[in-house]
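Reading the structure
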Amino acid sequence: MCEGKNLGPCSGPNRQRDLCTFCTISLDQEEVFRTKVFDKSLSPFYGEDFYFEIPRPFQCLSFYVFAKGVFQRDLPVGKVSIRKEELCKFSGKEHWFGLQPVDPNSEVQGKVHLEMRLNELIIENGSMCQQLLVRIIECQGLPLISGQNCDPYATVSLVGPARVDLWNNGNLAQDVFLGETRVSVKILRNDHIHRAWYLLQPKGNGKSKTDDLGSLRLNVTYIEDNVLPSACYTPLRTLLLKSPDIKPISASAAHILGDICRERYEAVLPVVRLLLHHSRLVPFVSAITVLELENTQEANTIFRGNSLATRCIDDMMKIVGRSYLTVTLKPVLDEICESNKTCEIDPIKLKEGDNVEVNKENLQGYVQKVFSSITQSSSSCPPLMCDVFRSLRHMASKRFPDDPHVQYSAVSSFVFLRFFAVAVLSPHTFQLRPHHPDLEVSRTLTLISKTIQTLGSWGSLSKNKLVCMDVSYQPLQHAYQSSLVYIIKLTVPISSQYLFCFREIQKRAQGRKRIGKRNFKKRWLRVTNRELSYHKHRGETSLCIIPVKDIRAVEKLYESAFNRKNMFQVLHSEKPLYVQAGNCVEASEWVEVLSQVSRCNPDRLGTFHPSAYVAGAWLCCRSLSDSQPGCKPCTPTLLANLQLDIDCDRETERIFSLLTSSYSKLQKMEDACASIAVYQGPPREQDDYSLFTIQDPKETFHTVRQITHILEELQREHDTRSGTAQYGSQ
């Protein structure tokens, strides 16, 4: 969304000068994105980028301009609507589009299945005439009316070309026009049935002379991939999945793709998805990180650029960490956006009546809440992210052994600067808020985001840097310490954190139906990263062993369950294990430890009973069945085996398209390898291959030749299967 020009319902002196506008992006009539509100300008510069995959069939991509209402609903100014078949004509280039009016007769979506036939009839006077039979079979994709399915009916007219109009029965209200389709009777032959699908069109095809409503400058890139059967992609997919094992990594297929498509924003994402799905991302990221660190000369510039490694980790965090952001940030961001406290501390931007000290307190309070939510969330971080951060910390420390802080700045440069700070700044892009926040809230989020970057930036640690965003934030040393502890927790393996824990507890005998003191016995509870066991005496043989992989939930119990405090339960494949800890702190520690070591288990429960099943009933919900699902949601935990919705064939096709569109660069890389002395090729200027990373020309040449051969085979498959669908087919 680039900019608008001369927006408004009319031109000349009557045009509103204080118009506050925003734009929305819609697929047919479903809004998918909206910009921030631009204050009091007829020619606003929106300057916002949106990338999204289209989840369903559509007819039109539309851009609406709205005037922001203060005491009433937002009013439409105009729209730009581009039909799907016309997107390729505008793709990849900027265009100015004139705004069209928004009216019910032009808001059309859906399609209609028609059957038509011409019959010859002899009428009473003996002459021959034709009879037109029209049957409306079904419709699909019709819009919702007032949030509900429409109640459509159709009319058929014969005026010039035959026309079918579709309407929604408004009952007591006015009927709503849903669309029309016009079919020329010339395509019909006597006694021949014509059956076809038709897209519904605006009334009169939407052509009408309108007033000047202004214009929008847009840059739309539309990419459509035709996915072949899975077997066709086996060679390319296999070559890409071998990438982490190739030495050097720069000669791998995945690295070559990133090298020749380094200008393409979308080039890395399909590789990340493919490697994620096949559990090959961590070794690949580790390998390309080592390569980047070899070329990093100063510790304070670590991971500051837009390299293949940083792009892979950024995309990984956006995919894997979305739920983590929701659990960690959404509650506090909702509070910030809805409480609407002023946090402006810049004297130039203060409004009349603002108190800078009050604003500073508001900002400090928000920063403390956000920062605490982050630094206390290590147990919720997805294990795959922890694996990557652990690898980063180790490699950074190995590359710069004399710098004690680099192992922390290597992780904080991603988790604080590239993950949390970005999500705070633009919560709507991470689905943490439904829309772009208003101007005042957006300014507050900007201040919080910059402060979080400073507090979490171990790369900027020094005694003389204890000032943060002009905010006199007192407990800075505590904040830095909190971020250090958080990073350590993220990057220490679970098996190292909880390798061994042995403590005396009270355990209730499993399977007992009555409640009594005799049912509880002193036992020693022991947990490792592999098993939970209890013993009669410390060091003796275990009385019971529960494999960690069998644990399905670990939750605290109501005190009323056994009239005892500090109770928790371990739900596994057999009877629940009820445990009483020595105090509330110990109880919390046991729950955290056991939840951590079992958080990757695939069969974790979604609900649990916070009380016991005694005398034929659950004490919490009074359900009579001991197999009844729980009555309370389990404490959220993020699993390692995230069920990512990844279509590997589609991602491989996307990679094929990227390689094909960059085929000339692939050939240049091949020539560059061949020109190096190993191949005794013709001498080339250094510039021909300075843009590529060629550590081992022989291995790189071999991979490029494999890629070229695979691309040729896939192109032949596409050519063989290409064909146009018959007009009128669904």
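Residues numbered from 1 in each chain as written. Predicted model: local features only at pLDDT ≥ 70, side-chain atom pairs only at ≥ 80, totals over all residues. Heavy atoms only, no water.

Quick word on the confidence of the model for the chain
For the chain, per-residue confidence averages 82 on the pLDDT scale, and residues scoring 70 or more make up 86% of the total. Put simply, helix α13 (residues 494-497) is where the chain has its lowest mean pLDDT, 46, and helix α2 (residues 234-241) is where it has its highest, 96. Every residue in residues 459-474 scores below 50 in pLDDT, and together they form 29 contacts with partners more than four places removed in sequence or on other chains. Every residue in residues 495-500 is under pLDDT 50, and counting partners more than four places away or in other chains gives 17 contacts. (pLDDT = per-residue confidence, 0-100. Helix = DSSP H or I, 4+ residues; strand = E, 2+ residues; numbered from the N terminus. Contact = heavy atoms within 4.5 Å.)

Topic: the nonpolar core
Counting 104 residues, the largest nonpolar core has Met 316, Leu 329 and Phe 389 as its most contacted members. With twelve residues, helix α10 (residues 406-425) is the largest single contributor of residues to this core. Viewed by domain, this core spans two of them, domain 3 (230-276 + 646-723) and domain 4 (321-490), each represented by three or more residues. Dropping the residues within four chain positions of it, Phe 389 is found in contact with Met 317, Cys 381, Val 411, Phe 414, Val 415, Leu 490 and Thr 491. Counting 27 residues, the second-largest nonpolar core is a separate cluster that includes Met 1, Val 65, Phe 90 and Leu 218. (Core = buried A, V, L, I, M, F, W, Y, C linked by side-chain atoms within 4.5 Å. Buried < 20%, exposed > 50% of the residue type's maximum accessible area, 1.4 Å probe, protein only. Domains from an automatic or database assignment.)

Brief notes about unusual backbone geometry
For the bond from Lys 247 to Pro 248, the omega torsion is -5 degrees, close enough to zero to count as cis. Relative to the helices and strands, Pro 248 resides in the loop between α2 and α3 (253-260). Even without being a glycine, Gln 431 presents a positive backbone phi close to 60 degrees. If you trace the backbone, Gln 431 turns up in the loop between α10 and α11 (439-456).

Here we look at the sheet that holds strand β3 (residues 30-34)
Spatially, β3-β2-β4-β5 is the arrangement adopted by the four strands of the open sheet, whose pairing is antiparallel. With one partner strand each, in any of the chains shown, β3 and β5 (75-83) form the two edges of the open sheet. Direction aside, the axes of adjacent strands within the sheet are offset by 30 degrees on average. Where strand β2 (residues 21-27) meets β3, four bridges bridge the pair, whose relative direction is antiparallel. Residue pairing in the sheet places Thr 24 in a bridge with Arg 34 of β3. (Pairing = 2+ DSSP bridges. Axes fitted to C-alpha atoms, helices over the stretch in contact; angles between N-to-C directions.)

Some points on the packing of aromatic side chains
The tally for this structure, following the rule as stated, stands at 16 aromatic pairs. Arranged with centres 6.2 Å apart and planes meeting at 75 degrees, the rings of Phe 58 and Tyr 222 form a pair that is edge-to-face. Separated by 164 residues along the polypeptide, Phe 58 in the loop between β3 and β4 (60-67) and Tyr 222 in the loop between β15 (215-220) and α2 bring together distant segments of the chain. For the pair Phe 58 and Tyr 222, a shared accessibility class is recorded, and that class is buried. Ring geometry for Phe 416 versus Tyr 486: centroids 5.8 Å apart, planes at 65 degrees, classification edge-to-face. Here Phe 416, found in helix α10, pairs with Tyr 486, found in helix α12 (residues 476-491); they are 70 residues apart in sequence, far enough to count as distant. Judged by its relative accessible area of 0%, Tyr 486 falls in the buried class. (Phe/Tyr/Trp six-rings, centres within 6.5 Å; stacked < 30°, edge-to-face > 60°.)

Topic: the environment of Thr 454
Structurally, Thr 454 is set in helix α11. Taking the relative accessible area as the measure of exposure, Thr 454 reaches 25% and is therefore partly exposed. In the structure, Thr 454 is positioned 37 residues away from Leu 417 in sequence and 8.6 Å away in space, judged by C-alpha atoms. Of note is the side chain of Thr 454, whose polar atom sits 3.1 Å from the backbone oxygen of Lys 450. (Polar contact = N/O pair within 3.5 Å; in protein donor to acceptor, adjacent residues only side chain to side chain.)

A word on the packing of helix α6 (residues 308-320) against helix α9 (residues 383-399)
Look at α6 against α9: their axes get within 10 Å of each other, and the N-to-C directions meet at 155 degrees. By the angle class used here, α6 and α9 are roughly antiparallel. Read as a crossing pair, α6 and α9 show a hand that is left-handed. In contact with Ile 313, Met 316, Met 317 and Val 320 of α6, α9 contributes Leu 384, Met 385, Val 388, Phe 389 and Leu 392. Broken down by class, the residue content of the contact of α6 with α9 amounts to nine nonpolar, no polar and no charged. (Parallel < 35°, antiparallel > 145°, perpendicular 65-115°, else oblique. Left-handed = near helix turned anticlockwise from the far one by under 90°. Nonpolar A, V, L, I, M, F, W, Y, C, P; charged D, E, K, R; others polar.)

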